[in-house]
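# Architecture at a glance
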Amino acid sequence: DAGITQSPRHKVTETGTPVTLRCHQTENHRYMYWYRQDPGHGLRLIHYSYGVKDTDKGEVSDGYSVSRSKTEDFLLTLESATSSQTSVYFCAIGAAGETQYFGPGTRLLVL
Amino acid sequence: SQQGEEDPQALSIQEGENATMNCSYKTSINNLQWYRQNSGRGLVHLILIRSNEREKHSGRLRVTLDTSKKSSSLLITASRAADTASYFCATDYVSDKLIFGTGTRLQVFP
């Protein structure tokens, strides 16, 4: 298995609070992605990174920001969590034209 | 939405039967991939087929790609209960981004 971990694995928070999810990889891969998965929508790309300090938006980026200060870490921040951001969040590594390896996911509940 | 669309949304079969699921997409692609997701887990890569390929095999998996119809199929032969999972296609017609479909839920009964 590719060395990808996500933390926390589960989180319950309240509307309006900031939340940061962490993705950590040990594969030294250039590309990292954040997806959210919701029933009926499959996986949707939030943001991705193609190198340290290089990031770009995905299809559902509103309300989310990311940072990548080191190759191994990709942080996803919900500046002010809303109930619509209740979801399962997956991190992945690997370029779009290659195999992507996924982390175990973070279940986020926003009350 | 520019997602791929899988068909059927859900499929139930008996062990030993073959399972076929389909994926349609909307624009020209570079590659198409299939992933499996067991309940509550992350996705696992199954197979990648490039736009200049028509068929690819991996064990009990057979993937076809018809770029003229913008569609792909995943065939699992001699299915097992352990194949029970959701299956997703993903395309990379947008540079650096994989776009996933909504998935097919496969249930294989012993």
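Above this note sits the structure.
Residues numbered from 1 in each chain as written. Chains lettered and ligands numbered in written order. Predicted model: local features only at pLDDT ≥ 70, side-chain atom pairs only at ≥ 80, totals over all residues. Heavy atoms only, no water.

## Here's the deal with the pairing of strand β3 (residues 19-25) of chain A
All names here are of chain A.
- Side chains of β3 alternate between two faces, with V19, L21, C23 and Q25 buried and T20, R22 and H24 left unburied.
- Bridge analysis of strand β1 (residues 4-7) against β3 gives four bridges, and the strand direction is antiparallel. Paired with T5 across the strands is H24, a residue of β3.
- In this structure, β3 lies alongside strand β8 (residues 73-78), joined through six bridges in antiparallel fashion. (Buried < 20%, exposed > 50% of the residue type's maximum accessible area, 1.4 Å probe, protein only. Helix = DSSP H or I, 4+ residues; strand = E, 2+ residues; numbered from the N terminus. Pairing = 2+ DSSP bridges.)

## Some thoughts on the environment of V108(B)
- Note on placement: V108(B) falls in strand β11 (residues 104-109).
- Taking the C-alpha atoms as reference points, V108(B) and R80(B), 28 residues apart in sequence, are found 6.4 Å from one another.

## Regarding the nonpolar core
Residue and element names in this part refer to chain B.
- Core analysis: the largest hydrophobic core is formed by 24 residues, its most contacted members being M21, L32, W34, L74, I76, Y87 and L106.
- Broken down by secondary-structure element, the contributors of at least two residues to this core are β2 (10-14), β3 (19-24), β4 (31-37), β5 (43-50), β7 (61-66), β8 (71-76), β9 (85-94) and β11.
- Counting residues per element, this core draws most heavily on β9, which supplies four residues.
- Apart from residues lying up to four places away in sequence, L32 is in contact with C23, Y25, I47, L48, I49, L65, S72, C89, A90 and T91. (Core = buried A, V, L, I, M, F, W, Y, C linked by side-chain atoms within 4.5 Å. Contact = heavy atoms within 4.5 Å.)

## A few points about the pattern of salt bridges
- Scanning all chains against the criterion turns up seven salt bridges over all chains.
- Between R44(A) and D38(A) there is a salt bridge; the shortest N-O distance is 3.0 Å.
- Classification of R44(A) as buried rests on a relative accessible area of 16%.
- What makes D38(A) buried here is its relative accessible area of 11%.
- For the salt bridge of D83(B) with R60(B), the shortest nitrogen-to-oxygen distance reads 2.9 Å. Of this pair, D83(B) sits in the loop between β8 and β9 while R60(B) sits in the loop between β6 (55-58) and β7, and the two are 23 residues apart along the sequence.
- Each of the salt bridges in this network shares a partner with another, and the network as a whole consists of R22(A), K70(A) and D73(A). (Salt bridge = Lys/Arg side-chain N within 4 Å of Asp/Glu carboxyl O.)

## Overview of the interface of chain A and chain B
- Each partner contributes to the interface: chain A provides 23 residues, whereas chain B provides 22 residues.
- A combined buried area of about 1,600 Å² lies between chain A and chain B, and 52% of that area is made up of carbon and sulfur atoms.
- Its largest share of buried area at the contact with chain B, chain A owes to L43(A), A96(A) and F102(A), together 27% of the area lost on that side.
- Where chain A meets chain B, there are five residue pairs in polar contact (both at pLDDT 80 or more).
- At five residues, the largest contribution of residues to the side of chain A that touches chain B is made by strand β5 (residues 42-51) of chain A. (Buried area = accessible area lost by both parts, 1.4 Å probe. Polar contact = N/O pair within 3.5 Å; in protein donor to acceptor, adjacent residues only side chain to side chain.)

## Observations regarding the environment of I4(A)
All names here are of chain A.
- Relative to the elements of secondary structure, I4 occurs in strand β1.
- For I4, a relative accessible area of 8% gives the class buried.
- The spacing of I4 and Y89 is 85 residues in sequence and 13 Å in space, taken between C-alpha atoms.
- Those residues within four positions of I4 in sequence are excluded, and the remaining contacts are C23, H24, Q25, C91, I93, Y101, F102, G103 and P104.

## Digging into the sheet that holds β8(B)
Residue and element names in this part refer to chain B.
- Here we have five strands laid out as an open sheet, ordered β1-β3-β8-β7-β6, and antiparallel in their pairing. Looking at which strands have only one partner, the edges of the open sheet turn out to be β1 (5-7) and β6. Strand-to-strand twist across the sheet, computed as the mean angle between neighbouring axes with direction ignored, equals 15°.
- With six bridges connecting them, β3 and β8 associate as antiparallel partners. (Axes fitted to C-alpha atoms, helices over the stretch in contact; angles between N-to-C directions.)

## As for the side chain of S49(A)
All names here are of chain A.
- Tracing the backbone through its elements, the reader meets S49 in strand β5.
- Given the relative accessible area of 0%, S49 is considered buried.
- A distance of 2.9 Å separates a polar side-chain atom of S49 from the backbone oxygen of D54.
- If sequence neighbours within four positions are ignored, S49 has contacts with R30, Y31, M32, D54, T55, R68 and F74.

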